[in-house]
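So you can see what is in the structure, the chains are spelled out below.
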Amino acid sequence: MNRAVTLVIRAPLGRADVPGLLRRACTLLDGDGYEVLRCEVGGAAADAVTVDALARLTLAARRRGCSVQVCHASRELCQLVAFMGLAEVLAQ
């Protein structure tokens, strides 16, 4: 069984919040041998900042040998991810 940790991403999420979110995720992933980072985005806005944060979180997780699951994304956020060409990268 894959060990997973959940990171909740809520609105409002500004560009200035992304580095702290990344630090928090990296600290979680570096600490206890997790293999999966679950990004709970049910409360996140469907905007470019959220997509950017998810892309950066995915990159950070993969660099640590972890996978990412995007959970409870709104239809609008899924459409924006697809529009930006990141649907395969941020597969849900």
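Rules and cut-offs
Residues numbered from 1 in each chain as written. Predicted model: local features only at pLDDT ≥ 70, side-chain atom pairs only at ≥ 80, totals over all residues. Heavy atoms only, no water. Salt bridge = Lys/Arg side-chain N within 4 Å of Asp/Glu carboxyl O. Helix = DSSP H or I, 4+ residues; strand = E, 2+ residues; numbered from the N terminus. Buried < 20%, exposed > 50% of the residue type's maximum accessible area, 1.4 Å probe, protein only. Pairing = 2+ DSSP bridges. Axes fitted to C-alpha atoms, helices over the stretch in contact; angles between N-to-C directions. Core = buried A, V, L, I, M, F, W, Y, C linked by side-chain atoms within 4.5 Å. Contact = heavy atoms within 4.5 Å.

Another aspect to go through is the pattern of salt bridges. Counted by the stated rule, this structure contains 3 salt bridges. Note that Asp-30 and Arg-64 form a salt bridge whose closest N and O atoms lie 2.8 Å from each other. Of this pair, Asp-30 sits in helix α1 (residues 18–31) while Arg-64 sits in the loop between α2 (48–63) and β3 (67–71), and the two are 34 residues apart along the sequence. With relative accessibility at 51%, the residue Asp-30 sits in the exposed group. Residue classification places Arg-64 among the partly exposed positions, given a relative accessible area of 35%. Of the charged contacts, one joins Asp-52 and Arg-56 as a salt bridge, the two residues approaching to 3.0 Å between their closest N and O atoms. Of this pair, Asp-52 and Arg-56 both sit in helix α2, separated by 4 residues, roughly a single helical turn. You can call Arg-56 partly exposed: its relative accessible area is 43%. If you follow the salt bridges from partner to partner, you end up with Arg-15, Asp-52 and Arg-56 in one network.

On to the sheet that holds strand β2 (residues 36–43). With respect to topology, 3 strands assemble into an open sheet ordered β1-β2-β3, the strand pairing being parallel. What marks the edges here is a single partner per strand, and that holds for β1 (4–10) and β3. Each neighbouring strand pair of the sheet contributes to a mean axis angle of 25°, computed without reference to strand direction. Two strands pair when backbone bridges link them, and β2 and β3 are joined in this way by 5 bridges, in the parallel orientation. From the neighbouring strand, Glu-40 faces β3, where its bridge partner is Cys-71.

Formed by 26 residues in total, the largest nonpolar core has its most connected members in Ile-9, Leu-37, Cys-39, Val-41, Leu-54 and Leu-57. Taken together, the elements giving at least two residues each to this core come down to β1, α1, β2, α2, β3 and α3 (75–83). It is α2 that contributes the most residues to this core, 6 residues altogether. Setting aside residues no more than four positions away along its own chain, Ile-9 makes contact with Leu-21, Cys-39, Glu-40, Val-41, Gly-43, Ala-44, Leu-54 and Leu-57.

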